[in-house]
Structures are given as C-alpha cells and as structure tokens.
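Examination of the molecular architecture
Here is how the chains run, residue by residue.
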Amino acid sequence: MSRNSRVRSGLLRQLENERIAQAPIPPCGDLATPTSVCGRRYRSHYLESRNLINGQWCAADSGRTLAVINPANDQRLAEVPDAGAHEANRAVTAAHEAFAGWSVLPARERGEIVDKLGRLMLDDTEQLAAIMTAQQGKPLSEARGEIAYAASFLSWAAAEAERVYGQIMPAASVDKRILVLRQPMGVAAIVTPWNFPAAMITRKLGPALASGCTVVIKPAEQTPLSALAIGELSLRAGIPAGVVNIVTGEAAPIVDAMLADVRVRRLSFTGSTEIGRKLMAKASENLQRLSLELGGHAPFFVFDDADIEKAAAAAVACNFRNAGQTRICANRFYVQRGVYSAFLDRFRSAVEALNVGVGTDPDVDIGPRINDDAMEKVDRHVADAMECGGTVLTGGARAHTAGAADRFYTPTIIEGMSPKMLLAREETFGPVAAVQRFETEDEAVQLANDSPYGLAAYFFTRDASRLIRVAEALECGVVGANDGAPSTAQAPFGGVKRSGFGREGGHFVMDEYTRIKYVSWGV
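Residues numbered from 1 in each chain as written. Predicted model: local features only at pLDDT ≥ 70, side-chain atom pairs only at ≥ 80, totals over all residues. Heavy atoms only, no water.

**Remarks on unusual backbone geometry**
Phi angles above zero are rare outside glycine, and Asp-74 is one such case at about 65°. Along the chain, Asp-74 turns up in the loop between strand E3 (65-69) and strand E4 (76-81). Exposure remark for Asp-74: the relative accessible area of 42% places this residue in the partly exposed category. Of note in this structure, Asn-322 is not a glycine but carries a positive phi near 55°. Tracing the sequence through the fold places Asn-322 in the loop between helix H11 (308-320) and strand E13 (330-336). The buried category is assigned to Asn-322, whose relative accessible area is 1%. (Helix = DSSP H or I, 4+ residues; strand = E, 2+ residues; numbered from the N terminus. Buried < 20%, exposed > 50% of the residue type's maximum accessible area, 1.4 Å probe, protein only.)

Structure representation (structure tokens):
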C-alpha cells in the first residue's frame, strides 16, 4: 500500500471514529445569563475557557484570559484564553502535521465534510445567532441572516472542491508533455474582524478546507465566541484533529508568530488598512501570500432616472445594516439635482422608522456600537460635519436605552456634505449618512473615484447605457448597480487601491489557496 493510500485509509477511519464527547448541558433559557446564552451544545466556551488546537480544547499556557463583554449592557459573557506566540506555534504545528492527510483526501470527500459543517450551522441557527447578538450586539434577525450567509460560503466552497482543475498544454517538441497542476498551498492563517464574526470566518475557511489547506484562525478579541462555536461544529462535522485550529487573544503576538513561521504559506485578513500595511510588511520576510480586505468608503449615487422608492429602500439597508458597522456600507450619498428632494423625503422617512435598542428585542433595527472608541468616532464625525456647515435632518445624537450601556446612536442623516468633512473622507462605521447634490454623470464618477479606497460603490439608474458606462468607470472591486446588497457566496469580493487585494467568493477564491506547479514530462 502506498504512503498516500495508508494516510487516506487512516484518515477515513479517523473521520468515522473521531467525535467530540456529548456531555450533558442544561437547555438554553433566556439571554439573561452567560450560561444560558451558550445554549445546550456549545460547552467549549461560556462554561469553559478553551482554544481549539489539534482537536483538543485547551487554555492559554499562562492561564491568562480575556473577558468577552456584551456591548449592549457591559455584561461579562465569558473568559477566553489570552494566548500568544507559544499557542500559535503549536497550532501551526498541528495544522502542518494534519496537512499531509487532509490534502490527499479526495476532493469530493473534503467537500462533503465542508458541506456538513454548513448544514450543522444552519441546524443551530438560533443558538449561533444568540451567541452572536450577545457578543456583537446586532439584532437577532440580522444575526440569523449572517448564519445563513456564513453557511452559504461553506456549501459553495464544498461544491468547488471538485472543480480545482489543472491543464495539459501543448509542448514545443514531440518527446515532451506539459502538465500544469493546482495543489493546496499548505497552512493558511485566517484573521477575522468583529463585525461579522461568523461569515468572515467561513468565507475564508470554506475554500481553504475545500482546496486541501489546513488552517489556524485568529478571531477578533471582541467576538471570539462565534469562532469557537464553529470550531466545535467542525469537530462534529468530522473534520480531523489539526485541520482547524482556533487561537484567541491579543492579535499582535499571535499573528506575528504565524507570519514568522515559514510553514504558514498564506494569510487572509479582513480589517483596517493600517493593520493591513503592517501585515504586508511582516509577510514580506517569508514571502507569504496575502489576501487583504481592508477599509472602504463607498459612494452611493442616485441619478435623475432612478427608481426612487427602490433607491431609498436600498440606501437604508446599505447604510444602516449592522448599525453601519460594515466595510461595504455606503458612507457618502450623492443625489442628482432633479430627484434630490423626492429621494431625501423618502430616505428620511425610512430612516426615522428605524428602532434603536438591544438586539434581543424583536422590533430593533439598530444595535449598539461595539465599544466606546467606536461610539466616540461617530460623535466626532457628526460634530465635525456640523462645524463644517452640515445640517442634521434626523438623528445626530446618542440614543438612551433603559438599562443599557451608552453605546447607542440614533440613525442620522446629514445634508450638505462637503469634501472637507471627515464624513466625506473617512469611514464612520456607524449609522450616519451624509448627502450631497450632484449635476452630471461625469461629476458623479469623479466624486466616486476621489478616494484612496475602492472596496464598493453603488448607483441607481434606469438607463442601461449609463449603467455600463458608470460600472466600468468606477475604481472599486464591487459595484451595486440598482442593488444595495451585492454580496453573495458565488461572486468575487474584494477591493482595489487602499481597500486591499485578493478575492473571496466564487470560483476565483480557490486560486487564493492553491499554487500552480509546472511538470515537463519527457516521453
């Protein structure tokens, strides 16, 4: 029996026999206490402080922990390990050793396991959504939507596992053949943000696993519980020990250790442009491949010939989803003079109908900021806009919710945006929309592209020719043309300019986790 056959046979036995123990856990109650938030299935967190390394739940070597806080009420939800370089190194070792077996497993079998993980997430939507709302603050309805969105990346990647094709190319002589192989890269590091704590993991994890890579996940300090829940489900799905590892703690020592390790072949990061620059510099030493989804400052245009009702509804969803804490959110709104008043009336009415409050309230649309720094940034941007001559049409102040922390902000529209405002130049990452008139299509394109960022842009028009012209002229990675919600698992997502590089989603993402090998075959 060949080495690969022995590895595969042993791995298949492991897939059949390796299951996490099902210790009894009290049923989930209301969301009043940390243990009730955890649900009956997720004992690895809330009830215990653990990371996932080589299929085992373990504490930090130092015994130190970080508190996970509910941003809506400052409740301490859990303690997770404050791990560092030593734990990161062990996780990389586990992933490196597991790669030999996982990478030779037939693509269909890898795909079936990844798909099972997605189905387990959907089965546990309610508990996963409750965990997400407790640690991140978004309304439960949005949290449920994110779980479905997260699972879609797994199901899509599972199907793509069998479509990682090589090529046979014509050679220059009759006694040779040229083969081009696509093989998994090896150990992939995944570093994710707090605003979409499940979907930003699975968007990277799905294609990494489906292509044959093994992974080490570093979730955001604010929202590690969703990652740990996914880790527990990965074991239940039959993913072997070491293939998926999760290390929590402060980012710098963990990520620095991963980038210093030559066994880590690529890193996928979603976060700020400032951190992206630092990661790029560190990765240059070992020439690790990167994909970086960084800052955004998306424009949203409404042309005179647009469907105003549709544009206003899309503007609300695009700007105020996740309370504006989304890099693909529209930040600056430009409306052509002929429909300016009509659009603004509809937009304002829809924004004023949004409800602010704790995410567990079924009527809430806007939850809290993630922390005090985020709250202060919204205050600063709104104050700056008013000092620069802007007018607050609605909102413009903190919202006070009984029994809750002071991290809620009223949905806000500011009229009279000008280039000197912070709102026109920086991501607010909050529920604030700044609006400005424009005259011509050329002016619209110039305003859109007058930014160092290029993640997304949106515009509404009924003119098919204009749609093509503007879409081609915009300097960004994602365009929503008559669409305020373009993100989907089957399409490539990513930015240009200071918004980063690399793509996630669709078949394009499989390129990010595979390498090309050329074989010259003498016959």
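**Considering the environment of Gly-495**
Here Gly-495 is to be found in the loop between strand E21 (478-481) and strand E22 (496-497). Separated by 40 residues in the primary sequence, Gly-495 and Leu-455 have C-alpha atoms spaced 4.0 Å apart. For Gly-495, the contacting residues outside a window of four places in its chain are Gly-454, Leu-455, Gly-477, Gly-500, Phe-501 and Arg-503. (Contact = heavy atoms within 4.5 Å.)

**Some details on the confidence of the model for the protein chain**
Of the residues in the protein chain, 91% have a pLDDT of 70 or more, and the chain-wide mean is 92. The low-confidence segment residues 1-40, where pLDDT is below 50, has 75 contacts with residues more than four positions distant or belonging to other chains. (pLDDT = per-residue confidence, 0-100.)

**Structural notes on the packing of aromatic side chains**
Counted according to the given criterion, the structure contains 12 aromatic pairs. On the numbers, 5.4 Å between centres and 85° between planes, the contact of Phe-303 with Phe-438 is edge-to-face. Separated by 135 residues along the polypeptide, Phe-303 in the loop between strand E12 (298-302) and H11 and Phe-438 in strand E18 (residues 432-438) bring together distant segments of the chain. In this structure Phe-438 comes out as buried when scored by relative accessible area, which is 1%. Look at Phe-320 and Phe-347: their rings are 6.5 Å apart centre to centre, the planes differ by 50°, and that puts the pair in the tilted class. Residue Phe-320 is found in helix H11, and its partner Phe-347 is found in helix H12 (residues 340-352); the two are separated by 27 residues along the sequence. Connected via pairs of aromatic rings, a cluster forms that spans Phe-300, Phe-320, Phe-333, Phe-343, Phe-347, Tyr-458 and Phe-460. One cation-aromatic arrangement involves Arg-203 over Phe-493; the distance from NZ or CZ to the ring centre is 4.2 Å. Its end group placed over the ring of Tyr-340, Arg-437 keeps NZ or CZ at 3.9 Å from the ring centre. (Phe/Tyr/Trp six-rings, centres within 6.5 Å; stacked < 30°, edge-to-face > 60°. Lys NZ or Arg CZ within 6 Å of the ring centre and 35° of its normal.)

**Quick look at the side chain of Ser-418**
Its place among the elements puts Ser-418 in the loop between strand E17 (412-415) and helix H14 (422-425). Dropping the residues within four chain positions of it, Ser-418 is found in contact with Cys-388, Ala-424 and Gln-436.

**Some details on helix H7 (residues 199-211)**
Here H7 spans 18 Å end to end across 13 residues, near enough to the 18 Å set by a 1.5 Å rise per residue. Directly after H7, the chain includes Gly-212, whose backbone phi takes a positive value near 110°. (Expected span 1.5 Å × (residues − 1).)

**Some thoughts on the packing of helix H15 (residues 441-449) against helix H16 (residues 464-473)**
Axis separation between H15 and H16 bottoms out at 10 Å; the angle between their running directions is 25°. On the basis of the axis angle, H15 is roughly parallel to H16. Relative to H16, the crossing made by H15 is right-handed. The segment H15 lies against H16, with Glu-441, Val-445 and Asn-449 engaging Arg-466, Arg-469, Val-470 and Ala-473. Counted by class, the contact of H15 with H16 contains 3 nonpolar, 1 polar and 3 charged residues. (Axes fitted to C-alpha atoms, helices over the stretch in contact; angles between N-to-C directions. Parallel < 35°, antiparallel > 145°, perpendicular 65-115°, else oblique. Left-handed = near helix turned anticlockwise from the far one by under 90°. Nonpolar A, V, L, I, M, F, W, Y, C, P; charged D, E, K, R; others polar.)

**Observations regarding the pattern of salt bridges**
Scanning the model with the defined rule gives 29 salt bridges in all. The shortest N-O distance in the salt bridge between Arg-144 and Glu-126 comes to 2.9 Å. Note that Arg-144 is positioned in helix H6 (residues 140-160) and Glu-126 in helix H5 (residues 125-136), a separation of 18 residues in sequence. Classification of Arg-144 by relative accessible area gives partly exposed; the value is 34%. The partner of Arg-346 in a salt bridge is Glu-309, and the shortest N-O contact between them spans 2.7 Å. In this pair, Arg-346 sits in helix H12 while Glu-309 sits in helix H11, placing the two residues 37 residues apart along the sequence. Judged by its relative accessible area of 35%, Arg-346 is partly exposed. (Salt bridge = Lys/Arg side-chain N within 4 Å of Asp/Glu carboxyl O.)

**Observations regarding the pairing of strand E6 (residues 176-184)**
Relative to E6, strand E5 (residues 167-169) runs antiparallel, the two being bridged by 3 bridges. Bridging across to E6, Met-169 finds its partner in Ile-178. What sits between the antiparallel neighbours E5 and E6 is a turn of 6 residues. Sheet topology places E6 next to strand E24 (residues 514-522); 9 bridges connect them, and they run antiparallel. Each bridged residue has a counterpart across the sheet, and for Ile-178 the counterpart in E24 is Ser-520. (Pairing = 2+ DSSP bridges.)

**A few points about the environment of Pro-431**
Structurally, Pro-431 can be placed in the loop between H14 and E18. Contact partners of Pro-431, with chain neighbours within four places excluded, come to Asn-319, Phe-320, Ala-323, Gly-324, Arg-369, Tyr-409, Thr-410, Pro-411 and Thr-412.

**Some points on the packing of H11 against H12**
Remark: H11 packs on H12, axes separated minimally by 9 Å, with the N-to-C direction vectors making an angle of 45°. What the angle tells us is that H11 and H12 run oblique. Classified by chirality, the crossing of H12 by H11 is right-handed. Contact residues: H11 offers Ile-308, Glu-309, Ala-311, Ala-312, Ala-315, Val-316 and Phe-320, while H12 offers Ala-342, Phe-343, Arg-346, Phe-347, Ala-350 and Val-351. Residue composition of the contact of H11 with H12, grouped by class: 11 nonpolar, no polar and 2 charged.

**Comments concerning the sheet that holds E13**
Here 7 strands make up an open sheet; going across it, the order is E14-E17-E18-E13-E12-E20-E21 and the pairing mixed. At either end of the open sheet lies a strand with only one pairing partner, and these are strand E14 (391-394) and E21. Put simply, the sheet's adjacent strands are angled 25° from each other on average, direction ignored. Strand direction decides the pairing type here: E13 and E18, joined by 5 bridges, are parallel. Residue Phe-333 lies in a different strand from E18, and its bridge partner there is Val-435.

**Brief notes about the pairing of E12**
Taken across its 5 residues, E12 has 5 buried, putting it largely inside the fold. Residues of E12 alternate between two faces, with Ala-298, Phe-300 and Val-302 on one and Pro-299 and Phe-301 on the opposite face, all of them buried. Traced from E12 through H11 to E13, the parallel crossover comes out right-handed. Where E12 meets strand E20 (residues 456-460), 3 bridges bridge the pair, whose relative direction is parallel. (Right-handed = clockwise from strand over helix to strand, strands pointing away.)

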